[in-house]
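So you can see what is in the structure, the chains are spelled out below.
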Amino acid sequence: MTVDQAVLDWFSLAPSAVTRPQEPDRGLPPAAPPSSWPAHPAERERLLEDLVRQEIGHVLDCPPTAVDRHQTLTDLGVGSMIGLELQRRLAAALAVEPELTFILRAPDTGTLARYLDRLLTPSKAGTEQRDIADPAAK
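Presented here is an overview of the structure given in this document. (Residues numbered from 1 in each chain as written. Predicted model: local features only at pLDDT ≥ 70, side-chain atom pairs only at ≥ 80, totals over all residues. Heavy atoms only, no water.)

**Considerations on the packing of helix H3 (residues 41-60) against helix H7 (residues 109-120)**
Phase 1: It is at 8 Å that the axes of H3 and H7 come closest, and there the two elements cross at 115°. Read as a crossing pair, H3 and H7 show a hand that is right-handed. Note on element contacts: H7 touches H3 through Thr109, Gly110, Leu112, Ala113, Arg114, Leu116, Asp117 and Leu120, opposite Arg44, Glu45, Leu48, Glu49, Val52, Arg53 and Ile56.
Phase 2: Residues of the contact of H3 with H7, tallied by class, amount to seven nonpolar, two polar and six charged. (Axes fitted to C-alpha atoms, helices over the stretch in contact; angles between N-to-C directions. Helix = DSSP H or I, 4+ residues; strand = E, 2+ residues; numbered from the N terminus. Left-handed = near helix turned anticlockwise from the far one by under 90°. Contact = heavy atoms within 4.5 Å. Nonpolar A, V, L, I, M, F, W, Y, C, P; charged D, E, K, R; others polar.)

Rendered as C-alpha cells:
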C-alpha cells in the first residue's frame, strides 16, 4: 500500500469524514449543459476560468479573487489531496472527468479552463486535445 492510498483510506474511515456537514457552495452555480453555454469560445473560457478560480478558492479556503490566474496550481498550494478534491468538484459541476495529473500540472487557470472546454465539447477532440492536455509537451 502506498502512502497516498493509506491517507485516502484514513480519510474514508475517519469519523470526521462521516459527520462533517456539507457546507453550501457560495458563488457560481453548477455549470449549465454545454448546449446552453455561449457560442463564442472566449466567453466560454472566461466562464470556465471563473469556475476554476471559484473551485480552487473553495478547496484552498480563500476567496476566488485571491487565486492568481498566472500561477501554477502547485504554486497556489494544490497538492495531491487538494487536487483530488478539486477534481471531484470540477467533475460534479461540469459532468466531465478531468484527469488529476492534468489538474496538478496545469501551468495556469486559463489552461485548465481550455482543457475543461475541450472535455465539454467533444467535437474539438483530436490534436488540439493532446496539445492542451499535456502542458509539459510545449
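Having seen it, we continue.
**What to know about the packing of aromatic side chains**
Phase 1: Under the defined criterion, the tally for this structure stands at one aromatic pair.
Phase 2: On the numbers, 4.1 Å between centres and 35° between planes, the contact of Phe102 with Tyr115 is tilted. Here the residue Phe102 occupies a position in helix H6 (residues 100-105), and Tyr115 occupies one in helix H7, the gap between them amounting to 13 residues. Of the two residues, Phe102 and Tyr115, both sit in the buried class. (Phe/Tyr/Trp six-rings, centres within 6.5 Å; stacked < 30°, edge-to-face > 60°. Buried < 20%, exposed > 50% of the residue type's maximum accessible area, 1.4 Å probe, protein only.)

**A short note on the pattern of salt bridges**
Phase 1: Applying the stated criterion across every chain yields a total of nine salt bridges.
Phase 2: One salt bridge connects Asp117 with Arg118, and the closest N-O pair in it is separated by 4.0 Å.
Phase 3: Residue Asp117 is classed as buried on the basis of its relative accessible area, which comes to 5%.
Phase 4: Connected through shared salt-bridge partners, Glu43, Arg46, Glu49, Asp50 and Arg69 make up one network. (Salt bridge = Lys/Arg side-chain N within 4 Å of Asp/Glu carboxyl O.)

**Side note on unusual backbone geometry**
Phase 1: Not every positive phi belongs to a glycine, and Asp61 is a case in point at roughly 60°.
Phase 2: Looking at where Asp61 falls in the secondary structure, it is placed in the loop between H3 and helix H4 (73-76).
Phase 3: Phi at Ala95 takes a positive value of approximately 60°, unusual for a residue other than glycine.

**Some words on the nonpolar core**
Side chains of nonpolar character tend, in soluble globular proteins, to be buried together.
Phase 1: In this structure, Ile56, Leu73, Leu86, Leu90, Leu94, Leu112 and Leu116 are the most contacted members of the largest nonpolar core, which totals 22 residues.
Phase 2: Residue assignment for this core shows that the elements contributing at least two residues are H3, H4, helix H5 (80-94), H6 and H7.
Phase 3: In this structure, Ile56 is in contact with Val67, Leu73, Leu76, Val78, Leu86 and Thr109, ignoring residues within four places of it in sequence. (Core = buried A, V, L, I, M, F, W, Y, C linked by side-chain atoms within 4.5 Å.)

**Observations regarding the packing of H3 against H5**
Phase 1: The interhelical angle for the contact between H3 and H5, taken along N-to-C directions, is 135°, at an axis separation of 10 Å. Taken as axis vectors, H3 and H5 run oblique relative to one another. Crossing geometry of H3 relative to H5 is assigned as right-handed. On H5, the residues touching Leu48, Leu51, Val52, Glu55, Ile56, His58, Val59 and Leu60 of H3 are Ile82, Glu85, Leu86, Arg89, Leu90, Ala93 and Leu94.
Phase 2: Residues that form the contact of H3 with H5 fall into these classes: eleven nonpolar, one polar and three charged. (Parallel < 35°, antiparallel > 145°, perpendicular 65-115°, else oblique.)

**As for H7**
Phase 1: Taking 1.5 Å per residue as the helical rise, H7 with its twelve residues ought to reach 16 Å, and the 16 Å between its terminal C-alpha atoms agrees with that figure.
Phase 2: Counting buried positions along H7 gives ten out of twelve residues, so the element sits mostly inside the fold.
Phase 3: For H7, the N-terminal cap is Asp108; the gap from its side-chain oxygen to the backbone nitrogen of Gly110 is 3.2 Å. (Expected span 1.5 Å × (residues − 1). Polar contact = N/O pair within 3.5 Å; in protein donor to acceptor, adjacent residues only side chain to side chain.)

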